[in-house]
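Letter by letter, the chains look like this.
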2 protein chains.
Amino acid sequence: MKSLNNVLAEGTYSVEKEDLLCYGYDASGLDVLPAAVVWPTTAADISKLMQFAYQNDIKVIPRGAGTGLTGGSVAANDSIILSFEKMNRIIEVDMRNLNVVVEPGVINGDLQRALKDQGYFYPPDPASLNTCTIGGNVAENAGGPRALKYGVTRDYVMQLEAVLPDGRLIRTGVQTKKSVVGYDLTRLLVGSEGTLAVITKIRLKVLPLPENVITLLAAFNSLEYAGKSVSRIIADGIIPRTMELMDRMTLSAVNKYKNVGFPEDIEAMLLIEIDGSTKAIAADIDKVANICNGFQGKVKIAEDSASRELLWDARRAVSPALYKLSPTKINEDVVVPVTKVPELLSGLQGISEAAGVPIACFGHAGDGNIHVNIMTDKNDKQKYDEAEKLVRKTFKLTLELGGSISGEHGIGLTKSKYIDMELDSVNLDIMRGIKKLFDAKNILNPGKIFPPAAGSDVR
Amino acid sequence: MKSLNNVLAEGTYSVEKEDLLCYGYDASGLDVLPAAVVWPTTAADISKLMQFAYQNDIKVIPRGAGTGLTGGSVAANDSIILSFEKMNRIIEVDMRNLNVVVEPGVINGDLQRALKDQGYFYPPDPASLNTCTIGGNVAENAGGPRALKYGVTRDYVMQLEAVLPDGRLIRTGVQTKKSVVGYDLTRLLVGSEGTLAVITKIRLKVLPLPENVITLLAAFNSLEYAGKSVSRIIADGIIPRTMELMDRMTLSAVNKYKNVGFPEDIEAMLLIEIDGSTKAIAADIDKVANICNGFQGKVKIAEDSASRELLWDARRAVSPALYKLSPTKINEDVVVPVTKVPELLSGLQGISEAAGVPIACFGHAGDGNIHVNIMTDKNDKQKYDEAEKLVRKTFKLTLELGGSISGEHGIGLTKSKYIDMELDSVNLDIMRGIKKLFDAKNILNPGKIFPPAAGSDVR
């Protein structure tokens, strides 16, 4: 890929192996060595590069921080990785209209901190928020614990600037709270996993910080009772901002990793937060505590913001902590209607016991989004194959319960062979048509989302 | 269109002129006589009809209650109107998961009443809610006063069942709160104005009713000060559920029409509602009253729900009432960032005075969405042409202020010749590509949204 020096300035890209090694993988554990990595600084750079790539049939893979769990940013052979470290400015902060404009490389946590200083917040808060980028969040339609009350990334993206695969610049959406002018291209790009356009600028809605937040921990001797508490709380019309579940295996893993002193003689814990005006939330917290007590849950309130932060540090450490239990985990993020959470959890327990393969469950129980971690070892082929069979069983159970095979991680590479369990051929036909309309040459993040051709191996 | 009797059962359609006359028009004032009107009862009926229409190149126009103001459901020559009176069932009410499933012909107000009995509500509340259908709301991505706090139709549609122009049935979305599985076809269909698919079933998110609502009226001697109060309230981090503006001409028209006793010696009135827990909203109402006082507004609180309903009846009567002032009004619904509302209002006053054409302004000031009513007479050609010139000026001003030419009415026929003021050729290219992908023969609601070919007359 020597000819890149005709399109790009020196120092804005690299073809050195030590650089390429850093940019081919993501948190899915998959990796492919790209041919080049480019660090653009402007949309114009990207437009020029895409024109070049389009003319020369070169694959391009946009990449945020590589925290994705389904391989959405893994390189392809002979591809160029577009990495956004140098496009990380917060361009505009318009608090009077409750929105901000950012470049795609801004880290979610950096935006949160900048907003907090001024009394505002950006609701989507994936567990990887101190690493992941807003561009990646938009591409994957990221969620996080607060999605329960506040919704997902899609609900906050007002405008996008993006470069189409042929190099044309497109600006979608409006800087107003509503608009009905043509088709909603903004939301078509959100969650499209970098397969339709390269996002170069994002206007996000933000909200004033709530007056107060109360955090409650509830410990249960039954995973099912924890699940039932969750669905009763929602049915009673209370909408906490978060309602996170950790099962026994998860609690034990976090203790080993962070030593936060979670009880280990219980079957499940809920971490519930309610925000709003101080007076309003006191009443809701009482109701929530009563519901948990009714299912034999022991309730504790986190007294101050320091103890709250400790709990959240622990919650965010769950995913890395689980690696302490076994060398490999297959991490799925299924989602079911919240009333079906108890059935999902007991079904997963059944699947685990029948196969003799440990499954750790945690996640956003309040919106029915459970992270299912099948514990295994990649280097023990037989063991791994056994574990992988449970993925299809997990998805089958999820879909039977009216759910979806991915709540927030996306399809990427790892789930592409399962997507037709959820989407029928009419949906896939239309989606393939859209992909072709945007990217006739299939050069932008190829091989992601869509089912692989028969006989190929994507894992 | 005699051959319809091969596809449709007797009594499910009509080709009689007295029926056709009732179904060719909508609230835009435009009308075209269709060749037939069909009242389907199932998605299977519609699928069969669309296959027939597709094979025979017959245009089909889906129609809700015809309350649209931009001609989105106006017939085309030799077309079939699909009308949904017989598909008006609320199919499923799942309060434990906070959602309902409805057929497209359900009237918004009927759904509101059914939910209210159980302690829930569906936030989108267009002024025409006692007439308009949920199917039409989805097609137009309808808003309403409460959009300020709760968002628009798009934010509540979870799943759609629809028939594609070639007759294939498609089911999009999920019944869970989140999912990232392929492209977001649900939100591509929302707001597509019946040009991509015929919607046959809809799952909507609903919310628990707030504990309390307080309604406040503020009277101003300056339209600009009313606008400044609006933008200060938002900037101070208060999010009322509605913040409606009426100017002097609007107030006078409503008084003549409904005799509600609005003061007429003022320049503008704001109708503000705050909802939430009783304790929380008391504090917010004080803040709002103080801000209005600071701009010389006189504030009054509506004491009970009866007086509140009276105010809202009056507000919803604005659009019909304005016809009492002049025989024709050109009704636009521009939207600007909320800080720009004062500039928009004073700009419109300038446009009105310079041309000597009255313009009445009212609408959802809290989210920057102003309904601009240019008062004229269709039967006086010179007068009408003068008035129509102000449309382009209004849009130009709106776009200069960072706005959009339609907040909630859509493009339909009446705005199609202006859409390229807002959308560039890249956007229009992609949108045309999407239309072609769904509807290669251009039989479904043709001529809507996209700019007419040069030389044609759409009005």
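Just so you know, these numbers come straight off a predicted model, no measurement behind them. (Residues numbered from 1 in each chain as written. Chains lettered and ligands numbered in written order. Predicted model: local features only at pLDDT ≥ 70, side-chain atom pairs only at ≥ 80, totals over all residues. Heavy atoms only, no water.)

## Examining the overall build of chain A
A tally of helices and strands in chain A yields 15 helices and 18 strands. Structurally, chain A occupies a C-alpha span of about 70 × 60 × 45 Å along its principal axes. Counting every position in chain A, which comprises 459 residues, the buried fraction comes to 62%. Restricting the contact set of chain A to residue pairs at least 6 apart, pairs at least 24 apart contribute 72%. Accessible surface computed for chain A: about 17,000 Å², of which carbon and sulfur atoms make up 48%. Across chain A, 52 positive and 56 negative side-chain charges occur, with their mean positions spaced 2 Å apart. (Helix = DSSP H or I, 4+ residues; strand = E, 2+ residues; numbered from the N terminus. Buried < 20%, exposed > 50% of the residue type's maximum accessible area, 1.4 Å probe, protein only. Contact = heavy atoms within 4.5 Å. Areas by Shrake-Rupley, 256 points an atom, 1.4 Å probe, with all protein chains shown as cover. Lys, Arg positive; Asp, Glu negative; His and termini not counted. Charge placed at Lys NZ, Arg CZ, Asp CG, Glu CD.)

## Observations regarding the interface of chain B and chain A
Chain B puts 79 residues into the contact, and the matching count from chain A is 79 residues. Carbon and sulfur atoms make up 63% of the area that chain B and chain A hide from each other, which totals about 6,400 Å². The interface formed by chain B and chain A contains eight salt bridges. Note that Arg 168 of chain B is salt-bridged to Asp 429 of chain A, the shortest N-O span being 3.3 Å. In this assembly, chain B and chain A are joined by 26 residue pairs in polar contact (both at pLDDT 80 or more). Among the elements of the structure, α5 (147-150), β9 (169-173), α6 (185-189), β11 (207-208), α7 (223-235), α9 (278-294), α14 (419-422) and α15 (425-438) of chain B are those that each provide at least two residues to the side of chain B that touches chain A. Considered class by class, the residues forming the side of chain B that touches chain A number 37 nonpolar, 25 polar and 17 charged. (Buried area = accessible area lost by both parts, 1.4 Å probe. Salt bridge = Lys/Arg side-chain N within 4 Å of Asp/Glu carboxyl O. Polar contact = N/O pair within 3.5 Å; in protein donor to acceptor, adjacent residues only side chain to side chain. Nonpolar A, V, L, I, M, F, W, Y, C, P; charged D, E, K, R; others polar.)

## Side note on the domain arrangement of chain A
Its domain assignment divides chain A into domain 1 (2-83), domain 2 (90-208), domain 3 (210-325) and domain 4 (326-410). For domain 1 of chain A and domain 3 of chain A, the distance between their C-alpha centroids amounts to 41 Å. (Domains from an automatic or database assignment.)

## A short note on the UniProt feature "domain: FAD-binding PCMH-type" (unreviewed entry) in chain A
Under the present numbering, the feature "domain: FAD-binding PCMH-type" (unreviewed entry) in UniProt falls on residues 30-209 of chain A. For residues 30-209 of chain A, the helix share is 21%, the strand share is 24%, and the end-to-end C-alpha distance is 38 Å. (UniProt positions renumbered as here; feature names shortened; annotations may be inferred.)

## A look at the relation of the copies chain B and chain A
For the match of chain B to chain A, the screw axis carries a shift of 0.0 Å, the RMSD comes to 0.0 Å, and the turn is 180°. Both copies are brought into coincidence by an operation consistent with a two-fold rotation axis. A shared binding surface is used by both copies, with 100% of the interface residues of chain B retained as interface residues in chain A. (Least-squares fit on C-alpha atoms with pLDDT ≥ 70 in both.)

## Topic: the pairing of strand β18 (residues 369-376) of chain B
All names here are of chain B. Within β18, eight of the eight residues are buried, which leaves it mostly tucked inside the rest of the structure. Burial along β18 is two-sided: Asn 369, His 371, Asn 373 and Met 375 and Ile 370, Val 372, Ile 374 and Thr 376, pointing in opposite directions, are all buried. Judged from the eight bridges that link them, strand β16 (residues 328-335) and β18 form a sheet pairing that is antiparallel. If you follow Ile 330 over to β18, its bridge partner there is Ile 374. Pairing of strand β17 (residues 359-364) with β18 involves six bridges; the strand directions are antiparallel. Counted as the bridge partner of Gly 363 is Ile 370 from β18. (Pairing = 2+ DSSP bridges.)

## Some remarks on the environment of Val 299 of chain A
Residue and element names in this part refer to chain A. Its location among the elements puts Val 299 in strand β15 (residues 298-302). Overall, Val 299 belongs to the partly exposed group, its relative accessible area being 30%. Taking the C-alpha atoms as reference points, Val 299 and Arg 241, separated by 58 residues in sequence, lie 18 Å from one another. Excluding residues within four positions of it along the chain, Val 299 makes contact with Leu 216, Leu 217, Ala 218, Ala 289, Cys 292 and Asn 293.

## Topic: the sheet that holds strand β2 (residues 36-38) of chain A
All names here are of chain A. Taking strand neighbours across the sheet as the criterion, the four strands line up as β1-β2-β4-β3 in an open arrangement whose pairing is mixed. Looking at strand neighbours, the two that pair on one side only are β1 (13-14) and β3 (60-63), the edges of this open sheet. The sheet contact formed by β2 and strand β4 (residues 80-83) spans three bridges and is parallel. Residue pairing in the sheet places Val 37 in a bridge with Ile 81 of β4. Along the sheet, helix α2 (residues 43-55) contacts β2, β3 and β4; its crossing angle with β4, the most-contacted strand, is approximately 165°. (Axes fitted to C-alpha atoms, helices over the stretch in contact; angles between N-to-C directions.)

## Side note on the pattern of salt bridges
Residue and element names in this part refer to chain A. Tallied over the entire structure, the rule returns 60 salt bridges over all chains. Two residues, Lys 441 and Asp 57, come together in a salt bridge whose shortest N-O distance is 3.5 Å. Note that Lys 441 is positioned in the segment after α15 (425-438) and Asp 57 in the loop between α2 and β3, a separation of 384 residues in sequence. When its relative accessible area of 34% is taken as the criterion, Lys 441 is described as partly exposed. The salt bridge partner of Arg 308 is Glu 273, with a shortest N-O separation of 3.5 Å. Placement of the pair is Arg 308 in helix α10 (residues 305-316) and Glu 273 in strand β14 (residues 268-276), with a sequence separation of 35 residues. Using a relative accessible area of 3% as the deciding quantity, one classes Glu 273 as buried. When salt bridges with common partners are traced through the structure, they connect Lys 149, Arg 241, Glu 273, Asp 275 and Arg 308 into a single cluster.

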